[in-house]
Amino acid sequence: MYTQGLDQAGKSGPDTREAETATQLDAFQARIDAEEKIEAKDWMPEAYRRTLIRQISQHAHSEIIGMQPEGNWLTRAPTMKRKAILLAKVQDEAGHGLYLYSAAETLGVSRDEMVGELLSGKAKYSSIFNYPTLTWADIGAIGWLVDGAAIMNQIPLCRCSYGPYSRAMVRVCKEESFHQRQGYELMLTLCRGTEEQKAMAQDALNRFWWPALMMFGPNDAASSHSAQSMAWKIKRFSNDELRQKFIDVTVPQAEFLGLSVPDEALWFNEDTGHYEHSDIDWQEFFDVISGNGPCNRQRLAKRRKAQDDGAWVREAARAYADKKAAAEAAA
Amino acid sequence: MTRQEWPLYEVFIRSRSGLSHRHAGSVHAADDEMALNNARDTYTRRSEGVSIWVVRSDRIVASDPAETSAFFDPAEDKIYRHPTFYDIPDEVENL
């Protein structure tokens, strides 16, 4: 579901560009400029490969961690129908994580390495999943806002210059629409319900609005890797452009629900055709990204426990496969 | 992370009969049977397929992208393999 402008977290790493000549780099950029897709084994600059590995694996980690806030409500969904829907959505998030890990692996990084970086806390994932899901309405708000923001981010990624990533994103985007629609419908049901239900929906919007806007990453001026990613056509629109687009489509949806967006200063500028909004609290964003959000520790601890608890299953499956292979070889 | 990870399999899916299998992505699995099950769960949650092939990624033999032009070169100067190479007068129909 969710990529984010996390690229400012990137580190340069060891310089392995010994063999990159200006000719190679120019030829590569020419392919990109001609809208040719780059495929797994094609020559590419080391920095392009590293940027993609970082972005795709962060994206995959976000999908995997993203199962937790929603999984929190699986056993407490109010009806059988809602439970089945939520289960399908959480399964989709797992699937999206797997599509993305598999795309990142084409760049020569192993699944174990990526998982290891997530579990050690070295790799980042989207800040949005470090917020708790306190009420059932949060499940609606996540589908509507978080998946909505994710769609804004992900649609342009379907045209990303790296083939395996763009193909994975096409698959993800097809499934994402269900996520957003079920979330909005959940909100709609609450808003047409009792006073308390509507208040619960409003409260969820209040808590998720700003974190959802932060999903697009820092302001363009503060986003250090953006220009290079745009030149490589990994990224097609700037963080601020996508954020504005999201606000413009989402505010009317909130109005339809009869809810108010928690921004006193929000107004529609008829000259530009866009909503103007208050400044985002970037300190909160950087706190959450750097590990101090409400749920960072809990999310990683749970992921580590799941990994550890599953160790015997992985070992047993491998032992069984080895035994079967040995028996077949002997036969 | 001490154990070596499960092998990688490439997944090919036939979306409906009449179409050929098409590469969908990859999965890790301990053995062939698990690869099929994982591929089904990962790539066909919405009935996207009627048939799945999985094959160990390390068993695939592929052409080298660095050699693409040399490898495919022999076909490039054989324009007579295309119907447009032949000039046929307009009066001749159905050809």
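Now for a description of the structure that goes with this document.

If you tally the helices and strands in chain B, you get 2 helices and 3 strands. Ordered by position from N to C terminus, the α and β elements of chain B give β-β-α-β-α. Taking 12 Å as the expected radius of gyration for a compact globule of 95 residues, we find that chain B reaches 21 Å, considerably beyond that expectation. Referenced to the eigenvectors of the C-alpha coordinate spread, the extents of chain B come out at roughly 70 × 35 × 15 Å. The burial tally for chain B puts 21% of its 95 residues in the buried class. In chain B, of all internal contacts separated by at least 6 residues, the share reaching a separation of at least 24 is 43%. As presented, chain B carries roughly 7300 Å² of accessible surface, and 52% of it is formed by carbon and sulfur atoms. Positive and negative side-chain charges of chain B, numbering 11 and 17 respectively, have mean locations separated by a distance of 12 Å.

Okay, the overall build of chain A next. Scanning chain A from terminus to terminus reveals 13 helices and 2 strands. Relative to its length of 331 residues, chain A is compact, with a C-alpha radius of gyration of 21 Å against a globular reference of 20 Å. Considering only C-alpha atoms, chain A reaches an extent of 70 × 55 × 35 Å along its principal axes. Within chain A, the proportion of its 331 residues that are buried is 52%.

A separate point is unusual backbone geometry. Excluding glycine, residues mostly carry a negative phi; peptide bonds, for their part, are mostly trans. One non-glycine residue, E35(A), lies in the positive phi region at around 65 degrees. Residue position: E35(A) is located in the loop between α1 (22–33) and α2 (46–65).

We now examine the interface of chain A and chain B. Each partner contributes to the interface: chain A provides 27 residues, whereas chain B provides 21 residues. Each partner contributes to the roughly 2000 Å² buried at the junction of chain A and chain B, and carbon and sulfur atoms together form 48% of this total. By the criterion of area lost to chain B, the three top residues of chain A are D112(A), R171(A) and R318(A), representing 30% of everything that side buries. For the pair chain A and chain B, the number of links is 6 salt bridges. Taken together, the connections running from chain A to chain B amount to 12 residue pairs in polar contact (both at pLDDT 80 or more). For the side of chain A that touches chain B, the secondary structure elements donating two or more residues are α4 (80–105), α5 (111–120), α7 (163–191) and α13 (311–330) of chain A. For the side of chain A that touches chain B, a count of residues per class yields 8 nonpolar, 6 polar and 13 charged.

Counting 94 residues, the largest nonpolar core has Y48(A), I56(A), L145(A), Y162(A), Y165(A), W209(A) and F246(A) as the members making the most contacts within it. For Y48(A), the residues in contact, after removing those within four places along its chain, are F28(A), I32(A), I38(A), S161(A), Y162(A), W232(A) and I234(A).

Per the counting criterion, the structure on display carries 25 salt bridges over all chains. A salt bridge links R31(A) to E36(A), with the shortest nitrogen-to-oxygen separation between them at 2.8 Å. The exposure class of R31(A) is partly exposed, given its relative accessible area of 25%. Of the charged contacts in the structure, one is a salt bridge between D31(B) and K324(A), with a shortest N-O distance of 3.5 Å. Placement of the pair is D31(B) in the loop between β2 (22–28) and α1 (32–43) and K324(A) in helix α13, with the two residues belonging to separate chains. We classify D31(B) as buried; its relative accessible area is 11%. A relative accessible area of 27% means that K324(A) is categorised as partly exposed. A network of salt bridges, in which partner residues are shared, links E70(A), K89(A), E93(A) and D147(A).

Using the criterion set out here, one finds 0 disulfides over all chains in the structure. With no disulfide of its own, C173(A) has C158(A) as its nearest cysteine by sulfur position, at a separation of 3.6 Å.

Residues and elements named next belong to chain B. A contiguous nonpolar surface patch, about 740 Å² in accessible area, is contributed by I79, Y80, F85, Y86, I88, V92 and L95. By the element assignment, Y86 lies in the segment after α2 (68–76). With a relative accessible area of 46%, Y86 lands in the partly exposed category.

Residue and element names in this part refer to chain B. Taking burial as the measure, the 7 residues of β2 include 5 buried ones, the bulk of the element. Two strands pair when backbone bridges link them, and strand β1 (residues 8–14) and β2 are joined in this way by 6 bridges, in the antiparallel orientation. The residue bridging F12 from the neighbouring strand is H23, located in β2.

Cut-offs applied
Residues numbered from 1 in each chain as written. Chains lettered and ligands numbered in written order. Predicted model: local features only at pLDDT ≥ 70, side-chain atom pairs only at ≥ 80, totals over all residues. Heavy atoms only, no water. Helix = DSSP H or I, 4+ residues; strand = E, 2+ residues; numbered from the N terminus. Rg over C-alpha atoms; globule rule 2.2 N^0.38 Å. Buried < 20%, exposed > 50% of the residue type's maximum accessible area, 1.4 Å probe, protein only. Contact = heavy atoms within 4.5 Å. Areas by Shrake-Rupley, 256 points an atom, 1.4 Å probe, with all protein chains shown as cover. Lys, Arg positive; Asp, Glu negative; His and termini not counted. Charge placed at Lys NZ, Arg CZ, Asp CG, Glu CD. Buried area = accessible area lost by both parts, 1.4 Å probe. Salt bridge = Lys/Arg side-chain N within 4 Å of Asp/Glu carboxyl O. Polar contact = N/O pair within 3.5 Å; in protein donor to acceptor, adjacent residues only side chain to side chain. Nonpolar A, V, L, I, M, F, W, Y, C, P; charged D, E, K, R; others polar. Core = buried A, V, L, I, M, F, W, Y, C linked by side-chain atoms within 4.5 Å. Disulfide = S-S within 2.5 Å. Patch = residues over 30% accessible without salt bridge, like charges linked within 9 Å, V, L, I, M, F, W, Y side chains within 5 Å. Pairing = 2+ DSSP bridges.

Purely geometric numbers; function is a separate question.
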